[in-house]
Amino acid sequence: MTIRLTRRMLSLFGLAAGLALAGTALAQAQTTLRIFTGGQQRPDVMRQIVDGYMQRNPGVKVEVEVGGATSEQQQQYLNTVLASKDSALDLILIDVIRPAQWAAAQWAEPLDAYLGAERDAVMARYLPAYRAANIVNGKVIALPYFADAQFLYYRKDLLEKHGVAPPKTWDELKAGAQRILAAENAPNLRGFETAGAPIEGTVCTYLVPMWGAGEDLTKDGKLNLSGDAAKKPFQLWADLKEAKVTPPNLAEIPTDRIRQNLQAGNLIFGMTWGYVWNRAQNDADSTVKDKIGVVPLPGFTADRQSTCIGGWQVAVSAFSKNKAEAAKLARYLSSPEVSKQQAVLASHLPVFAEVYGDADVLKANPWFAQALPVVQAARSRPVTPRYTEVSEIMRTNMNAFLAGTKTADQALADMNTRLGAIFR
Amino acid sequence: MTLLKNRRAMVILAGLIVAANGFFPAVWILFTSFKTEVELMKVPITIIPQAPTIENYIRVFVDQPILRFLFNSVVVATLSTLLCVVCSALAAYALVRLRLPGAGIILSVLLAIAMFPLISMMVPLFQVMRDLGLLNTWWALIFPHAVLSMPVCTLVLISFFQDIPRDLENAAMIDGCTRLGALWHVVIPLTAPGVFTAGILAFVNSWDEFLLALTLSPRVASRTLPVGITLYQGEFSFPWPIISAALIVAIVPICIVIAIFQERVVSGLTSGGMKG
Amino acid sequence: MSDAIRHKLTPLEKSERRLGFAMLAPAFLLLAAVVLYPIAELIRNSFHFNHLAQPWMGTPFVGFENYVKALGDDRFHEAVWHTVLYILVTVPGAVVVGLGLALLANKPFAIKWPVRLGLLLPWALPLVFAGLIFRWFFEYNQGVANAILRGLGFEPLNWLTTPSLAFFAICLAIIWKSSSFVALVLLAGLQTIPKSFYEAAEVDGATKWQQFREITLPMLRPAIFVALIFRTITAIQTFDIPYAMTNGGPGNSTETLAMYIHKTTVDFLDLGYGSALAVLMFIVSALITSIYLRHTRRDPGRH
């Protein structure tokens with residue numbers, strides 16, 4: 001009797017001690033990381049990904065914080081938090097246009113030390129454009145999470161019906177659109193749309209034709225707006241407007257209106273980002289299921305097609321209190337495994353060339369096969385710490401030109417003076 | 001007889017004009033909330049939904065915890081209104097009645113606060129709330145929202161208090177009321193429409209406010225409706241039908257509550273005032 | 001009255017004064033806790049170079065450099081001009097429409113709630129969304145405005161990408177949204193006018209118009225002034241509606257001062273220059289308000 005009692009007491013004691021020990025061990029190892037993502041970067045998929053990470057790393061708890069939906073809203077919030085040097089966020093998803101700005105503001109913790117000897121090997125695996133975008137002045141500022149680029153979407157059924165091949169040049173696009181518009185004679189059908197409202201996407205509306213003409217906004221760090229290539233974008237869009245291929249309201253078109261018009265069957269060609277195919281194919285109310293094709297954007301010549309790079313990166317906040325753990329998570333989020341997971345679950349374009357050929361990925365997104373060369377050839381918007389100002393100057397002038405309130409010469413002159421003050 | 005009829009018709013017409021002016025965008029949102037996105041893109045546009053769907057309302061409740069946001073908004077707006085009206089009423093009364101030296105300057109300082117553009121003060125405001133440990137709590141919004149509405153409330157109350165004859169208070173004070181007692185029992189009931197207007201002003205200012213809410217209280221537990229509703233939109237996409245449904249869910253209950261509440265409170269307070 | 005102030009204070013006056021300051025205390029405590037530091041920071045920043053995108057430049061004291069820069073900044077001048085135009089159109093516009101709505105809403109209705117709701121709805125709709133809804137109304141293809149034009153046999157207009165039309169559309173949206181605030185303040189004023197005034201006027205044979213001119217307008221004056229001054233202050237800070245409807249476009253042709261300040265501080269991270277612009281905006285608002293206050297300073301002991 002006494003023995004039994006003692007034994008039971010002992011085992012109880014042991015159990016309690018064990019629990020207590022386990023408890024303290026847990027409490028010691030538990031690190032909480034908070035990652036900030038926009039509403040559009042599929043926070044639901046991000047949650048699945050970090051759930052997997054937490055299972056494998058029981059000492060780490062990851063919270064996903066969803067911020068404002070648009071890049072601008074996120075930036076408003078992030079600018080406030082980071083300007084206050086607040087430590088609440090450990091990891092942050094940032095737009096591909098931001099690393100230079102974040103490096104300059106010293107908001108992102110350089111990751112070189114955390115990558116250690118593997119740094120070069122790790123960076124070499126990414127698509128070249130993403131490797132370049134995330135290394136600023138020799139330092140790794142962020143790691144790529146998913147890729148994006150602008151494509152030409154077209155109505156397969158309409159092009160086939162009228163014997164038009166997917167265009168490789170802007171002239172082919174113009175001729176094809178005119179032919180279809182004339183033959184269909186549908187009052188609501190429009191030929192071609194791209195972003196024209198004063199928003200970020202409109203920067204690419206200027207840059208893509210400029211790149212197509214073989215030049216870039218800057219050359220050797222100096223502004224490069226004096227040549228003929230700088231006039232090309234204005235000429236191209238004026239030409240398409242003249243030909244009634246673009247609608248009269250191009251200057252009020254924001255990015256998503258292109259998808260909506262495409263999905264409602266009102267548009268033949270649209271120049272927009274990688275998220276559209278999946279929506280057109282899978283949305284319940286889409287009228288164009290199986291009717292949408294994706295090809296690289298046209299060029300002035302068939303051999304020089306160019307496009308704008310997009311996509312999101314994981315940065316570690318310079319004010320985080322758990323930088324080492326955060327860097328580990330960042331590496332995981334930027335791994336081929338997660339890239340594949342995102343491609344299958346969210347149709348996010350991978351940042352590794354080999355993932356594009358993966359059977360599961362292609363099963364979910366057949367068009368990814370054609371997407372790889374486009375993403376590989378995609379170019380970066382100007383890399384400068386004052387990118388937001390640069391972007392604002394370009395988009396407002398492009399918008400004013402499309403609205404007809406400025407001539408090409410006026411817009412170009414204004415861009416020259418104002419951009420000149422930044423690229424001194 | 002015809003005169004009476006005419007008058008009634010005029011009254012109804014007046015009501016229709018006011019209602020139509022206020023309702024037309026709401027009705028448009030209501031219709032949109034039952035449309036599919038493809039129908040919305042149709043040209044020529046449709047007014048009445050052709051194939052009504054309640055899918056948008058389902059998405060509203062499934063995609064985001066909208067009832068939580070609604071609750072947060074109600075709490076923040078109610079408490080900031082109370083705080084604002086109490087502070088403003090005390091200040092307004094002191095400025096109108098208590099012969100303070102430099103009352104004009106004090107009023108100017110109070111008003112000046114409203115004239116600093118908030119957008120340029122977000123960073124230091126964030127730091128204040130962080131140092132007070134209030135970020136991501138209701139209080140991070142209650143205090144600034146009360147400050148936001150204080151100038152307008154004070155001014156509204158001053159203009160109403162000025163119209164109350166001194167004799168009424170003096171009589172009450174001779175009957176043994178204190179100053180505060182006179183304010184509570186005589187002045188407030190007589191200026192009920194003014195007090196209530198100040199309250200509604202403060203309430204709706206808080207209800208509408210977006211920028212502070214986005215920055216000072218972004219997390220789900222304390223997130224308010226205007227911020228919550230923007231989360232239905234995407235980086236590129238703006239799903240009007242779903243956002244319309246969310247706006248209907250957000251607006252309708254609050255309008256009904258305010259409309260009913262206003263009748264009750266105004267009539268209750270004024271009749272109380274008559275008796276007193 | 002003024003003699004009484006110079007008198008030695010009676011114990012009653014002394015205690016009243018003490019009570020008065022005590023009653024002001026909650027309001028000022030709240031202000032001190034929330035906005036004192038931000039305002040001090042704002043003023044301090046305006047005299048420093050502080051560009052978060054260029055932290056290697058430090059934050060040196062630059063005196064009035066930011067202010068001088070503003071004087072020569074074309075975009076600032078344009079933004080000020082646009083803001084002035086918005087004030088000149090939307091303040092009187094909102095007060096006139098608001099007065100109309102208040103008079104209509106003050107009629108003796110059998111069922112009051114639809115009218116009240118109609119008065120409140122524009123206001124209960126968060127500003128951001130009001131702007132987006134009006135943007136949709138004025139869209140080229142899917143907008144109600146062009147649908148009406150097409151229905152009447154006219155060519156559709158590019159409302160939001162033609163500067164003058166965009167200005168008109170934005171003003172309409174602002175007036176719609178803000179007139180309900182004005183109407184609410186004026187309605188409260190109307191309700192405090194004793195019915196007996198009108199009855200007496202009726203007996204004297206005054207017409208409706210005379211009653212409006214001789215009773216309603218004078219009695220409403222304080223309420224109208226409250227509405228005017230606040231509409232003016234908010235009009236100076238016009239931001240959300242043009243932001244949502246045109247984002248300042250086409251080009252910068254509908255950009256307001258508040259939008260430019262927002263861009264400078266939040267997007268460009270130029271806190272120094274942005275703060276200077278904000279201080280300039282404050283000075284303008286303060287001037288307008290002080291003119292108003294001087295105009296309405298009245299004898300508190302009337303009646």
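Owing to the predicted nature of the structure, the values given are computational and were not obtained by experimental measurement.

Structural notes on the overall build of chain A
Then comes step 1: Looking only at helices and strands, chain A features 19 helices and 13 strands.
Then comes step 2: Each principal axis of the C-alpha atoms in chain A carries an extent, and together these give about 100 × 50 × 35 Å.
Then comes step 3: Counted over contacts in chain A with a minimum sequence separation of 6, partners at least 24 positions apart contribute 70%.

Observations concerning the overall build of chain B
Then comes step 1: Tallying secondary structure elements over chain B gives 13 helices and zero strands in all.
Then comes step 2: Counting only residues that meet the buried cut, chain B has 54% of its 276 residues in that class.
Then comes step 3: Taking the intrachain contacts of chain B between residues at least 6 apart in sequence as the baseline, contacts between residues at least 24 apart amount to 76%.

Here we look at the interface of chain A and chain C
Reports of interface size often rely on the accessible area that becomes lost once the parts have come together.
Then comes step 1: Taken residue by residue, the interface counts 26 residues in chain A and 23 residues in chain C.
Then comes step 2: Contributions of two or more residues to the side of chain A that touches chain C are made by α3 (71-83), α4 (99-105) and α18 (387-403) of chain A.
Then comes step 3: Here the element with the most residues in the side of chain A that touches chain C is α18 of chain A; it accounts for eight residues.
Then comes step 4: A class-by-class count of the residues in the side of chain A that touches chain C yields eleven nonpolar, ten polar and five charged.

Describing the packing of helix α4 (residues 74-105) of chain C against helix α10 (residues 208-236) of chain C
Residue and element names in this part refer to chain C.
Then comes step 1: It is at 9 Å that the axes of α4 and α10 come closest, and there the two elements cross at 150°. Considering the relative orientation of α4 and α10, their crossing is right-handed. Residue-level inspection shows T83, Y86, I87, T90, V91, A94, V95 and G98 of α4 in contact with α10, the latter providing I224, A227, L228, R231, T232, A235 and I236.
Then comes step 2: Its residues assigned to classes, the contact of α4 with α10 comprises ten nonpolar, four polar and one charged.

Remarks on the interface of chain C and chain B
Then comes step 1: Each partner contributes residues to the interface: chain C has 78 residues there, and chain B has 75 residues.
Then comes step 2: A total of 19 residues in the side of chain C that touches chain B trace back to one element, the largest contributor, which is helix α2 (residues 11-46) of chain C.
Then comes step 3: In terms of residue class, the side of chain C that touches chain B is built from 53 nonpolar, 16 polar and nine charged.

Quick notes on the sheet that holds strand β11 (residues 267-272) of chain A
All names here are of chain A.
Then comes step 1: One open sheet holds the four strands; their spatial order is β8-β11-β7-β12, and the pairing between them is mixed. Of all strands in the sheet, those with a lone pairing partner are β8 (190-193) and β12 (292-295), marking the two edges. This sheet shows a mean twist of 15° between the axes of neighbouring strands, independent of strand direction.
Then comes step 2: Sheet topology note: the β8/β11 ladder contains three bridges and is parallel. Counterpart to E193 in the pairing with β11 is G270.

Looking at the domain arrangement of chain A
All names here are of chain A.
Then comes step 1: Split by domain assignment, chain A resolves into domain 1 (27-148 + 310-377) and domain 2 (151-307 + 386-422).
Then comes step 2: The centre of domain 1, based on its C-alpha atoms, is set 29 Å off from the matching centre of domain 2.
Then comes step 3: The interface of domain 1 with domain 2 comprises twelve residues on the first partner and twelve residues on the second.
Then comes step 4: Looking at the side of domain 1 that touches domain 2, the elements that each hand over two or more residues are α4 and α17 (368-377).

Section: the sheet that holds strand β2 (residues 60-67) of chain A
Residue and element names in this part refer to chain A.
Then comes step 1: Here we have five strands laid out as an open sheet, ordered β2-β1-β3-β13-β6, and mixed in their pairing. The open sheet terminates on both sides in strands that have one partner only, identified here as β2 and β6 (143-149). Strand-to-strand twist of the sheet, defined as the mean angle between neighbouring strand axes without regard to direction, takes the value 20°.
Then comes step 2: Of the pairings in the sheet, the one linking strand β1 (residues 31-38) to β2 comprises eight bridges and is parallel in character.

Structural notes on the confidence of the model for chain A
Then comes step 1: In the predicted model, chain A carries a mean pLDDT of 89, and 92% of its residues have values of at least 70.
Then comes step 2: Low pLDDT, under 50, characterises residues 1-6 of chain A; the predicted model gives this stretch zero contacts beyond four residues in sequence or across chains.

As for the pairing of β1 of chain A
All names here are of chain A.
Then comes step 1: For β1, the buried fraction is high: six of the eight residues fall into the buried class.
Then comes step 2: Since β1 and β2 lie parallel, the crossover through helix α2 (residues 43-56) that links them has a hand, and here it is right-handed.
Then comes step 3: In the sheet, β1 pairs with strand β3 (residues 91-95) via two bridges, with the strands oriented parallel. Within β3, the residue paired with I35 across the bridge is L91.

Cut-offs applied
- Per chain, residues are indexed from 1 in the order of the written sequence.
- Chains carry letters from A onward and ligands carry numbers from 1 onward, assigned in written order.
- For a predicted model such as this one, the threshold for reporting local features is a pLDDT of at least 70, and the threshold for listing and counting side-chain atom pairs is 80 or more; totals across whole chains, interfaces and linings nevertheless cover every residue.
- Under the scheme used here, helices are H or I runs from DSSP no shorter than 4 residues and strands are E runs no shorter than 2 residues, and both carry numbers assigned from the N terminus.
- A pair of residues counts as a contact when their C-beta atoms, built from backbone coordinates, are separated by no more than 7 Å.
- We call a residue exposed when 12 or fewer other C-beta atoms sit within 10 Å of its C-beta, buried when the count reaches 20 or more, and partly exposed for counts in between; the C-beta positions come from the backbone.
- Polar here means any residue other than Ala, Val, Leu, Ile, Met, Phe, Trp, Tyr, Cys and Pro, which are nonpolar, and Asp, Glu, Lys and Arg, which are charged; Gly is therefore polar.
- The axes used here are C-alpha line fits, helices contributing only the stretch in contact, and every angle between their N-to-C directions lies in the interval 0 to 180 degrees.
- Crossing chirality is assigned from the near helix's rotation relative to the far helix, an anticlockwise turn below a right angle marking it left-handed and a clockwise turn marking it right-handed.
- Between any two strands, pairing holds if DSSP finds at least two bridges.
- What marks off one domain from the next here is an automatic or database domain assignment.
- A score between 0 and 100, pLDDT records how confident the predictor is in each residue.
- Crossovers are marked right-handed if the path from the first strand over the helix to the second runs clockwise, as seen with the strands pointing away from the viewer.

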